[in-house]
Amino acid sequence: MHWPDDTAARYRAAGYWRGETFGGLLRDLAARYGDRPALISPGSPGAPAARWTFRDLDERADRLAAGLHAAGIRRGDRVVLQLPNVPEFHQVCFALFRIGAWPVFALPAHRSAEISYFCAFTEAAAYVCPDEEHKAYAPGTRAFTLADLAGLEAPSGTGPLDLPDADPGDVAFLQLSGGSTGLPKLIPRTHDDYVYSFRASAEICGLTPDSVYLCALPAAHNFPMSSPGVFGALSAGAASVLAPDPSPGTCFPLVERERVTIAALVPPLALVWMDAAATTAHDLSSLEVLQVGGAKFSEEAAKRVGPELGCTLQQVFGMAEGLVNYTRLDDPEDVIVSTQGRPISPDDEILILDDEGNESDHGHLLTRGPYTIRGYWRADEHNRTAFTEDGFYRTGDIVRRTPGGYLVVEGRAKDQINRGGEKIAAEEVENHLLAHPAVRDASVVAVPDPYLGERTCAYLICRGEAPKKAELRAFLRDRGIAAFKIPDRFEFVDAFPQTAVGKVSKRHLRERT
Ligand code: OOB
């Protein structure tokens, strides 16, 4: 699962892996930036407003680590973490890091189908969730709500647990893969590799202790977590504002009040922000950089960012498995609007293969490097196809490389729908549809959408009379899947188009819509 020893030694010698752990990093940051603001939360119904300094975060991580340890959470335990954008999210992360337990990052949108699967597959020791209602998502797993956590925290002044720190080469947490298979895969990220990725990202994004990062996307996602995200902001001594939701109505007042300098959005939200900026009374002039990523941002929309929001656009093309590309802040305008950037690291290896497997400047993107995993967690069989024998990750993305070494995302070979940055594995939804008694066969594909980029369409072959669309939606809801996975459209057909070898031709299905 890990990098070969000689490769790891090379990454250490190059200074990428510096032997830091999350627990130690926060200790150092608290010593350095003590009373400066680290996490700012405006509060929302049920969550009080908060301003935590670096010292607060450090101490509260210790107090919660002591409480969780007393409650039986141990090194190597997996803890499924599903919290909204509140400072407790990061407190729990660092408390678990200090114990050496692994957060498993669920998204707020996940429901019983996803949560119960994560708990079972990771043999989770606990599930951390917002409230009592969520406990039903993980019936067999011990659950801690935000209120439970507050009760667990050891009294202030408790001091750090007397536990050995993690090894920097150890897995720190499991991140979720966007996925293209029936069940989501889990991504093991180590202290060394992840700390490198967000420290280098913070540098590329020019973060200083005076920067203010707006975390508007769900904090558990890799983009607002580490590209540079809240972790990158912390590592630079900068403050992060945790927005309860990404709408202009919530975020514009926060930008104004906290003098936000950098924010990260997916393309549909960038469109909404630009439209709202035209008429807003809020002062957005502090905003220097708007990062857009997670899905393809059209060149037409990209050109509008500078004029309409008065800031520099940064395109971000990344993946939870590792590789992240950025346009650089001082790149020429045409590079910024027409490419998805270039890798973080000089040691990110980019391999582009055509359909025949020959190296090319246009085709399937494979990658290997100091923060890209060498295998999913407990998925030996899948790893044999998702990675090459010499450790390259097959991203499933189709890209073109410009003469300047920048990547342009041109499409996707993986069986996934990218619904405005939310990733949907077609097979996962197909399996849920196949559980319906009237569904004989199901094929889920992406259809183009001007706002989200893509929406999902489920083609169904039914036994007898086709069920009502509303009934199919209700059926999927009752199976407990995240709402964003429920198809936007249903089409009933008698047969699926086939490829030459007799497989369902999704390309032909997509062309039908
Ligand atoms: C980010 O991570 P994931 O793991 O949710 O999704 C990764 C996939 C990529 O393989 C690609 O298919 C797509 O999302 N993607 C983009 C893109 N950024 C991601 N496709 C086109 N243009 C872009 N700019 O989505 C993620 C992780 C870290 C930073 C940013 C995004």
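Before any of the text, the structure's been laid out above.
The notes below deal with the structure included here. (Residues numbered from 1 in each chain as written. Predicted model: local features only at pLDDT ≥ 70, side-chain atom pairs only at ≥ 80, totals over all residues. Heavy atoms only, no water.)

Another aspect to go through is helix α12 (residues 299-309). Among the residues of α12, Ala 301, Ala 302, Val 305 and Leu 309 are the ones counted as buried. Here the buried residues of α12 occupy an arc of 105 degrees about the axis, which is enough to place them on one side. Along α12, the residues that are exposed and aim more than 90 degrees away from the buried face are Glu 300 and Pro 307. Buried positions along α12 lie against α11 (267-277), β12 (289-293), β13 (312-319) and α13 (333-338). (Buried < 20%, exposed > 50% of the residue type's maximum accessible area, 1.4 Å probe, protein only. Helix = DSSP H or I, 4+ residues; strand = E, 2+ residues; numbered from the N terminus. Arc of directions from axis to C-beta. Contact = heavy atoms within 4.5 Å.)

A two-sided burial pattern is seen for strand β9 (residues 212-215), the buried positions comprising Val 212 and Leu 214 on one face and Tyr 213 and Cys 215 on the other. Direction of pairing for β9 relative to strand β11 (residues 262-265): parallel, over a ladder of 2 bridges. Counted as the bridge partner of Leu 214 is Ala 263 from β11. (Pairing = 2+ DSSP bridges.)

Secondary-structure assignment places Thr 367 in strand β17 (residues 362-368). On the accessibility criterion, Thr 367 (0% relative accessible area) is buried. For the pair Thr 367 and Thr 388, spaced 21 residues apart in sequence, the C-alpha to C-alpha distance is 9.8 Å. Apart from residues lying up to four places away in sequence, Thr 367 is in contact with Leu 323, Glu 349, Ile 350, Thr 372, Gly 391, Phe 392, Tyr 393 and Thr 395. Polar contacts involving the side chain of Thr 367 include one to the main-chain carbonyl oxygen of Glu 349, which spans 2.9 Å. (Polar contact = N/O pair within 3.5 Å; in protein donor to acceptor, adjacent residues only side chain to side chain.)

Time to look at the site of the ligand. As a matter of local geometry, the ligand sits amid 19 residues, with His 221, Val 316, Asp 397, Lys 414 and Lys 423 nearest to it. For the ligand, a nitrogen atom lies 3.4 Å from a polar atom in the backbone of Ala 295. When the ligand is considered free in solution it has 600 Å² of accessible area, and contact with the protein chains removes 96% of it. Going through the elements one at a time, α8 (222-226) and β13 are the ones with two or more residues in the shell around the ligand. The biggest single contributor to the shell around the ligand is β13, with 4 residues. Looking at the shell around the ligand residue by residue, the classes come out as 7 nonpolar, 8 polar and 4 charged. (Near = heavy atom within 4 Å. Areas by Shrake-Rupley, 256 points an atom, 1.4 Å probe, with all protein chains shown as cover. Nonpolar A, V, L, I, M, F, W, Y, C, P; charged D, E, K, R; others polar.)

Take the sheet that holds strand β2 (residues 50-53) next. Strand order in the open sheet made by the 9 strands is β2-β1-β10-β9-β11-β12-β13-β14-β15, with mixed pairing throughout. Looking along the sheet, the strands with just one partner apiece sit at the ends: β2 and β15 (342-343). Packing of helix α4 (residues 87-99) onto the sheet brings it into contact with β1 (37-41), β2 and β10 (239-242), and relative to β2 it is tilted by some 35 degrees. (Axes fitted to C-alpha atoms, helices over the stretch in contact; angles between N-to-C directions.)

Let us look at the packing of aromatic side chains. Inspection of the entire model under this criterion finds 30 aromatic pairs. Measuring from centroid to centroid gives 5.6 Å for Phe 198 and Phe 231, while their planes differ by 45 degrees, and the two rings are tilted. In this pair, Phe 198 is assigned in helix α7 (residues 191-204) and Phe 231 in helix α9 (residues 229-235), connecting sequence segments 33 residues apart. Residue classification places Phe 231 among the buried residues on the basis of a relative accessible area of 2%. Taken together, a centroid distance of 5.4 Å and an interplanar angle of 40 degrees make the contact between Phe 387 and Tyr 393 tilted. Accessibility assignment for this pair places Phe 387 and Tyr 393 in one class, buried. Joined through ring pairs, the aromatic side chains of Phe 22, Phe 89, Phe 94, Phe 97, Phe 105, Phe 173, Tyr 194, Phe 198 and Phe 231 make up one cluster. One residue, Arg 78, lies across the ring of Trp 102, its end atom 5.7 Å from the ring centre. (Phe/Tyr/Trp six-rings, centres within 6.5 Å; stacked < 30°, edge-to-face > 60°. Lys NZ or Arg CZ within 6 Å of the ring centre and 35° of its normal.)

Counting residues in each nonpolar core, the largest one holds 123 residues, and the members touching the most others are Phe 22, Leu 214, Trp 273 and Leu 290. Counting residues per element, this core draws most heavily on α4, which supplies 8 residues. Excluding anything up to four places from it in sequence, Phe 22 contacts Phe 94, Phe 97, Ala 172, Phe 173, His 191, Tyr 194, Val 195, Phe 198 and Phe 231. (Core = buried A, V, L, I, M, F, W, Y, C linked by side-chain atoms within 4.5 Å.)

With that out of the way, let us pick up the packing of helix α2 (residues 22-33) against α4. α4 packs onto α2 with a crossing angle of 120 degrees between their chain directions and a minimal axis gap of 8 Å. For the element pair α2 / α4, the angle class is oblique. For the pair α2 and α4, the contacting residues are Phe 22, Gly 23, Leu 26 and Arg 27 in the first and Phe 94, Phe 97 and Arg 98 in the second. Of the residues belonging to the contact of α2 with α4, the class tally is 4 nonpolar, 1 polar and 2 charged. (Parallel < 35°, antiparallel > 145°, perpendicular 65-115°, else oblique.)

Attention now moves to the sheet that holds strand β18 (residues 393-401). The sheet built from 4 strands is open, its strands ordered β16-β17-β18-β19 with antiparallel pairing. Across the chains shown, the open sheet's two edge strands, defined by having one partner strand only, are β16 (349-353) and β19 (407-412). The mean inter-strand angle of the sheet, taken between neighbouring strand axes irrespective of direction, is 45 degrees. Sheet topology note: the β16/β17 ladder contains 5 bridges and is antiparallel.

Let us now look at the pattern of salt bridges. A side chain of one charge can pair with a side chain of the opposite charge when the charged atoms of the two come close. Scanning the entire structure with this criterion turns up 36 salt bridges. One salt bridge connects Arg 27 with Asp 58, and the closest N-O pair in it is separated by 2.9 Å. Residue Arg 27 is located in helix α2, and its partner Asp 58 is located in helix α3 (residues 54-70); the two are separated by 31 residues in the primary sequence. Judged by its relative accessible area of 9%, Asp 58 is buried. Taking the shortest distance from any N to any O, the salt bridge between Arg 27 and Asp 62 comes out at 2.8 Å. Of the two residues, Arg 27 sits in helix α2 while Asp 62 sits in helix α3, which places them 35 residues apart along the sequence. Accessibility expressed as a relative area gives 31% for Arg 27, which makes it partly exposed. Through salt bridges with shared partners, one network takes in Arg 27, Asp 58, Asp 62 and Arg 98. (Salt bridge = Lys/Arg side-chain N within 4 Å of Asp/Glu carboxyl O.)

Residues Trp 102 and Val 104 line one face of strand β4 (residues 102-105) and the alternating positions Pro 103 and Phe 105 line the opposite face, and both faces are buried. One ladder, built from 4 bridges, connects strand β3 (residues 78-81) with β4; its direction is parallel. From the neighbouring strand, Leu 81 faces β4, where its bridge partner is Phe 105. Tracing the backbone out of β3, into α4 and back to the parallel element β4 gives a crossover that is right-handed. (Right-handed = clockwise from strand over helix to strand, strands pointing away.)

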